[in-house]
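Commentary on secondary and tertiary structure
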Amino acid sequence: MYTVRKVLDDLYYVGANDHRIALFENIFPIPEGVTYNSYLLMDEKTVLFDSVDWNLGKDFLRNVEGVLDGRDLDYFVVHHMEPDHAGAIEEIILRHPNVQVISSEQGFQIMRQIGYHIKDENAIIVKEGDTFSFGKHEFVFLEAPMVHWPEVIVSYDTTTGTLFSADAFGTFGALDGKLFNDEVNFERDWLDSARRYLTNIVGKYGPFVQDVLKKASTVDIKMICPLHGPVWRTDIPWFIDKYDKWSRYEPEEEGVMIAYASMYGNTEYAAQALASALCERGMTNVVVHDVSNTDISYLIADTFKYSHLVLASVTYNLGIYPIMKNFIADLEALNVQNRTVGIIENGSWACTVGDKMEDFLDEHLKMFDVLNERITLNTSLNEANENDLNALADAIIESMKNIREVKEKSGEKEA
Ligand SMILES: Cc1cc2nc3c(=O)[nH]c(=O)nc-3n(C[C@H](O)[C@H](O)[C@H](O)COP(=O)(O)O)c2cc1C
Ligand SMILES: [Fe+2]
Ligand SMILES: [Fe+2]
């Protein structure tokens, strides 16, 4: 039990760090690792909250049995059935055959689908608002569908003000001994991972995240115990505000992400030229990504972060370069909304990509405002493009000003 940390006097962190997994859900690169969080409450009753991925089952079981120190496990709360948390359920039940499992109805259904055998007399189905006492600690259970699966529940310990939030408020990143948000420099070292986690994994379900935030706003939260990443015990409103922005598809920052698709470097050069033109105009909050060597999850995260997006692409077989096409299709899949977009297009004989990208955004993405000032390259940037380059840079700056003014006006109205 050497990786156990005390969360409260009678609440222990018994989760595990995973540095071996290269791709979370076999799709998202996580060079920063990830944790699977599990918590064990030692009240009059003993209560385990979730488990871990089976890959780390051995370490987790060592932690759980170490804290139990010979006591039996009375209750096992299963908030979420995704295998990164549900991987060790069967083993816990085999070791503690009398344990009462608490989950949603659909949670039990998924347990059966996976092949976990929970006897009816050991299954306690909870619904929105159900309460439960484990001794000193009184809990209320709340439904949180689609954050991140349909069966998800969260629970709130009314005695201590602790929210067990399932995947909500989670982040990629291994903790490596640290546990609390105030033991790391979250804004510097973790925020990018948190954004990449949330926007890619539940970006599509912003309104459902909003529902959870609404429920959370009705209780006094002193601590948040998520299923990944640090436990929150300070600056909770700051992190809730990030979640609020991401789930309302509101940009976090005024700034520009330029994503380019280029085979030989000409479109790349134009993307860099636009970045320089923006910086010349004082807008230095600019990032430039090559879609061909930047994992799409980073492109998505930065699209959520910045107010403006520039798509720069070559024409490819009369269409959009496949990797760029994949990126904008993912924007649609994740329901990204409310961005201002500039376009740079390139073609050597039949340049169609600008119209194709604009049509896609118009037809498939909500509240995407495509600027008229497009740059069209006939193979490479030259003097003929100079006016267009300046016009696009000016239009981006101008639209920022307009957005700021609208915001200020609506702020005045609210005040
Ligand atoms: C497989 C392939 C298909 C292409 N299809 C088109 C096309 O349909 N229309 C066009 O104008 N250019 C097409 N091109 C040419 C590139 O879009 C053009 O050379 C562009 O300037 C390359 O810019 P880059 O230097 O940023 O890669 C194609 C190039 C390749 C390799
Ligand atoms: Fe999940
Ligand atoms: Fe998870």
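Source: prediction; values computed, not measured.

1. Notes on the coordination of the iron ion (ligand 2)
Here the iron ion (ligand 2) is held by His80 (NE2), Glu82 (OE), His148 (ND1) and Asp167 (OD), and the distances to it run 1.9 to 2.4 Å. Between the iron ion (ligand 2) and the iron ion (ligand 3), the interatomic distance is 3.3 Å, and Asp167 donates to each metal, bridging them. Here Asp167 lies in the loop between strand S15 (162-166) and helix H5 (186-202) and His80 lies in the loop between strand S9 (75-77) and helix H2 (83-86), a separation of 87 residues in the sequence. Judged by its relative accessible area of 0%, His80 falls in the buried class. Residue classification places Asp167 among the buried positions, given a relative accessible area of 4%.

2. Observations concerning the coordination of the iron ion (ligand 3)
Protein coordination at the iron ion (ligand 3): the donors are Asp84 (OD), His85 (NE2), Asp167 (OD) and His228 (NE2), at 2.1 to 2.6 Å from the metal. Taken together, the four donor atoms coordinating the iron ion (ligand 3) span angles of 84 to 176 degrees at the metal, a pattern that classifies the geometry as irregular. Between consecutive donors of the iron ion (ligand 3), the numbers of intervening residues give the motif D-H-x81-D-x60-H.

3. Thoughts on the sheet that holds strand S7 (residues 39-42)
One key point about sheets: their strands pair by backbone hydrogen bonds, in either a parallel or an antiparallel sense. Pairing is mixed in the open sheet, where seven strands are placed in the order S1-S2-S7-S8-S9-S10-S11. Looking at strand neighbours, the two that pair on one side only are strand S1 (5-8) and strand S11 (123-125), the edges of this open sheet. Here the average twist between neighbouring strands, direction ignored, is 25 degrees. Pairing of strand S2 (residues 11-13) with S7 involves three bridges; the strand directions are antiparallel.

4. Describing the pattern of salt bridges
Scanning all chains against the criterion turns up 23 salt bridges. Across the pair Glu65 and Arg95 runs a salt bridge whose closest N-O atoms are separated by 3.7 Å. Of this pair, Glu65 sits in helix H1 (residues 57-68) while Arg95 is found in helix H3 (residues 89-95), placing the two residues 30 residues apart along the sequence. Here Glu65 falls in the partly exposed class, since its relative accessible area comes to 25%. Judged by its relative accessible area of 40%, Arg95 is partly exposed. The salt bridge partner of Asp130 is Lys127, with a shortest N-O separation of 4.0 Å. The class for Asp130 is partly exposed, based on a relative accessible area of 23%.

Rules of the game
- Residues numbered from 1 in each chain as written.
- Chains lettered and ligands numbered in written order.
- Predicted model: local features only at pLDDT ≥ 70, side-chain atom pairs only at ≥ 80, totals over all residues.
- Heavy atoms only, no water.
- Donors = N, O, S within 2.8 Å, 3.2 Å for Na, K, Ca; no water.
- Helix = DSSP H or I, 4+ residues; strand = E, 2+ residues; numbered from the N terminus.
- Buried < 20%, exposed > 50% of the residue type's maximum accessible area, 1.4 Å probe, protein only.
- Tetrahedral: all angles 85-135°; square planar, octahedral: opposite > 155°, others 65-115°.
- Pairing = 2+ DSSP bridges.
- Axes fitted to C-alpha atoms, helices over the stretch in contact; angles between N-to-C directions.
- Salt bridge = Lys/Arg side-chain N within 4 Å of Asp/Glu carboxyl O.

Function-wise, these values are silent; they only describe arrangement.
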